[in-house]
Amino acid sequence: MRFFGLILFSLLLNLPMLSYTQKVSDVDFEQKDKIIEINYKLIPIPNASGCFVELLVSLDGGKTFSGPLQKVSGDVGYVASIGVKRIIWNVVDEYKKVRGNVMFQIVAKPLFTGKERKAPIKRDISDVDIDIPKNNIETSYRFALVVGNEDYSSYQEDLDGEVNVDYAENDALIFKEYLTKTLGVPEQNVELLINAKSIELNRAIDKINSLIKVTNGKAEVFIYYAGHGLPDNVNKDTYIIPVDVSSKDLKYAIKLKDMYSKLSEYPAKLVTVFLDACFSGGARNQGLIAARAVRIAPKEDVVKGNIVVFSASSGIQSSFPYKEKSHGMFTYYVLKKLKESQGNISYGNFYDYLKEQVGVQSIIINDKEQTPHINVGFPLRERWSNITFN
């Protein structure tokens with residue numbers, strides 16, 4: 001494929017996430033067959049100890065820009081240092097055809113401005129954190145993506161520690177232990193992301209999509225997410241929120257509908273999703289949009305393919321922490337039942353247990369309702385309850 005007429009320019013935008021942008025200069029590029037290398041320089045600004053870099057592209061002469069581009073590597077995403085940087089864009093992987101003038105836009109958002117990164121909240125050792133059952137099984141076609149997004153305030157200038165999701169990091173770390181020890185997922189088949197940024201989450205989901213594709217219907221996938229969720233104000237679509245994405249910038253968040261589409265694009269034996277987040281605007285501590293007068297009842301996504309989704313709460317409910325156990329309420333009982341059963345339990349019995357235990361304990365401890373919810377892909381509607389973990 002031949003590419004021609006490439007024109008490069010960069011813009012500095014005033015972004016809604018932050019009040020100013022990182023300074024970018026000395027931008028140039030070089031085309032090498034199907035790869036384009038873009039060089040740029042980050043100029044330091046006061047109190048910024050890093051920035052988040054995105055590459056956008058216009059295929060219509062600069063009238064509209066789309067992105068952020070996903071098939072990129074190098075100095076993109078979180079960049080900690082200043083100086084000369086390089087982004088490598090694989091054009092063919094991103095677009096099947098590119099002709100005419102291509103115009104680039106580099107956007108750099110400063111991070112950690114005027115504040116230290118917040119350490120994870122102090123936690124105690126819970127009963128589910130120790131003596132994790134070891135089944136001595138390993139299934140080569142089992143894969144997992146585990147995400148614990150706890151620290152939002154360090155990545156967004158206008159947020160304080162109250163919006164962080166207490167114990168989400170611990171939730172993810174311990175859930176990973178159960179995957180590898182109890183559920184037979186090989187260690188090398190697990191991707192663990194703590195305080196995941198937008199580009200990291202997108203790449204990880206793309207990786208799972210590719211693994212499902214190449215295993216020809218044999219893949220068994222586990223997805224675990226603890227962190228913030230949000231609904232769109234207008235269409236009520238639901239999103240999981242990377243730590244570097246503001247409630248005003250949902251186009252950079254992960255729409256659940258899109259994630260489910262990628263998980264079902266190719267046949268898989270089974271995809272099991274755990275969401276310890278709520279999607280009404282509430283949260284474990286304080287929602288990203290706590291100032292909103294009323295919460296929004298999120299739209300339930302239609303799930304296709306062999307997918308079962310266990311969610312921490314229903315409708316406009318919040319997903320609460322279980323402070324005594326240093327976990328999310330939902331995650332604690334997920335782990336507790338996996339420990340008690342050693343993974344030898346059906347999805348139906350597992351869900352019944354979660355509904356009862358989380359429902360009762362949330363009222364006792366938080367004086368508020370929290371009812372786990374299940375969403376099942378159409379092919380499994382009649383038989384999901386008989387599926388077992390091991």
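Residues numbered from 1 in each chain as written. Predicted model: local features only at pLDDT ≥ 70, side-chain atom pairs only at ≥ 80, totals over all residues. Heavy atoms only, no water.

Draft legend 1. Geometry of helix 5 (residues 329-341). The end-to-end C-alpha separation of helix 5 is 19 Å, in line with the 18 Å expected for 13 residues at 1.5 Å each. Of all 13 residues in helix 5, ten are buried; the element is thus mostly enclosed. Taken together, the buried positions of helix 5 are occupied by Met329, Phe330, Thr331, Tyr332, Tyr333, Val334, Leu335, Lys337, Leu338 and Ser341. Just past helix 5, the residue Gln342 takes up positive phi, approximately 55°. (Helix = DSSP H or I, 4+ residues; strand = E, 2+ residues; numbered from the N terminus. Expected span 1.5 Å × (residues − 1). Buried < 20%, exposed > 50% of the residue type's maximum accessible area, 1.4 Å probe, protein only.)

Draft legend 2. Spatial organisation of the sheet that holds strand 12 (residues 238-240). Strands sit in the order 11-12-13 across an open sheet of three strands; the sheet is antiparallel. The open sheet is flanked by strand 11 (229-231) and strand 13 (254-255), the only strands paired with a single partner. Bridge count between strand 11 and strand 12: three bridges; the pairing is antiparallel. Across the sheet, the residue bridging to Leu230 is Tyr239, located in strand 12. (Pairing = 2+ DSSP bridges.)

Draft legend 3. Structural detail: the nonpolar core. Judged by nonpolar contacts, the single largest core of 84 residues is most densely connected at Leu263, Phe274 and Phe310. A total of seven residues in this core trace back to one element, the largest contributor, which is helix 5. With sequence-adjacent residues up to four places away left out, Phe274 is seen in contact with Phe175, Phe222, Ile223, Tyr224, Tyr225, Phe310, Phe330, Val334, Phe350 and Phe389. Ile36, Cys51, Val76 and Ile87 belong to the second largest nonpolar core, which has 20 residues in total. (Core = buried A, V, L, I, M, F, W, Y, C linked by side-chain atoms within 4.5 Å. Contact = heavy atoms within 4.5 Å.)

Draft legend 4. Focus on the side chain of Thr182. Along the polypeptide, Thr182 turns up in the loop between helix 2 (168-181) and strand 9 (190-194). Residue class for Thr182 comes out buried when judged on its relative accessible area of 0%. Looking at Thr182, its side chain comes within polar contact range of the main-chain oxygen of Pro133, at 2.7 Å. Excluding anything up to four places from it in sequence, Thr182 contacts Ile132, Pro133, Asn135, Ile137, Glu177, Leu338, Gln342, Gly343 and Asn390. (Polar contact = N/O pair within 3.5 Å; in protein donor to acceptor, adjacent residues only side chain to side chain.)

Draft legend 5. Quick peek at a nonpolar patch on the surface. Taken together, the side chains of Val360, Ile364 and Ile365 define a hydrophobic patch exposed on the protein surface, amounting to about 260 Å² of accessible area. Mapped onto the fold, Val360 is located in helix 6 (residues 347-366). You can call Val360 partly exposed: its relative accessible area is 41%. (Patch = residues over 30% accessible without salt bridge, like charges linked within 9 Å, V, L, I, M, F, W, Y side chains within 5 Å. Areas by Shrake-Rupley, 256 points an atom, 1.4 Å probe, with all protein chains shown as cover. Salt bridge = Lys/Arg side-chain N within 4 Å of Asp/Glu carboxyl O.)

Draft legend 6. Inspection of the sheet that holds strand 8 (residues 142-148) at higher detail. Spatially, six strands are ordered 9-8-10-14-15-18 in an open sheet, and the strand pairing comes out mixed. Of all strands in the sheet, those bounded by a partner on one side alone are strand 9 and strand 18 (373-376). In this sheet, neighbouring strand axes are inclined to one another by 10° on average, regardless of whether the strands run parallel or antiparallel. Pairing analysis gives four bridges linking strand 15 (residues 307-311) to strand 18, with the strands arranged antiparallel. When the sheet's bridge partners are listed, Phe310 is paired in strand 18 with Ile374. Strands strand 8, strand 9, strand 10 (220-226) and strand 14 (270-276) of the sheet are contacted by helix 2, whose axis makes an angle of about 170° with strand 9. (Axes fitted to C-alpha atoms, helices over the stretch in contact; angles between N-to-C directions.)

Draft legend 7. Quick peek at the pairing of strand 10. The element strand 10 is extensively covered by neighbouring structure, given that seven of its seven residues are classed as buried. Of the two faces of strand 10, the one carrying Glu220, Phe222, Tyr224 and Ala226 and the one carrying Val221, Ile223 and Tyr225 are both buried. Direction of pairing for strand 8 relative to strand 10: parallel, over a ladder of seven bridges. Residue pairing for strand 10: Ala144 is matched across the bridge by Phe222. When strand 10 meets strand 14, the two strands line up parallel, connected through seven bridges. Residue pairing across strands places Ile223 opposite Val273, the latter belonging to strand 14.

Draft legend 8. View of the pattern of salt bridges. Under the definition given, this model contains 13 salt bridges. Linking Arg142 and Glu220 is a salt bridge whose minimum nitrogen-to-oxygen distance equals 3.2 Å. Of this pair, Arg142 sits in strand 8 while Glu220 sits in strand 10, and the two are 78 residues apart along the sequence. The pair formed by Arg142 and Glu220 is uniform in burial state, with each residue classed as buried.

Draft legend 9. Geometry of the environment of Ile35. Secondary-structure assignment places Ile35 in strand 2 (residues 35-43). Among all residues touching Ile35, those that are not within four sequence positions of it are Glu30, Ile88, Trp89 and Asn90.

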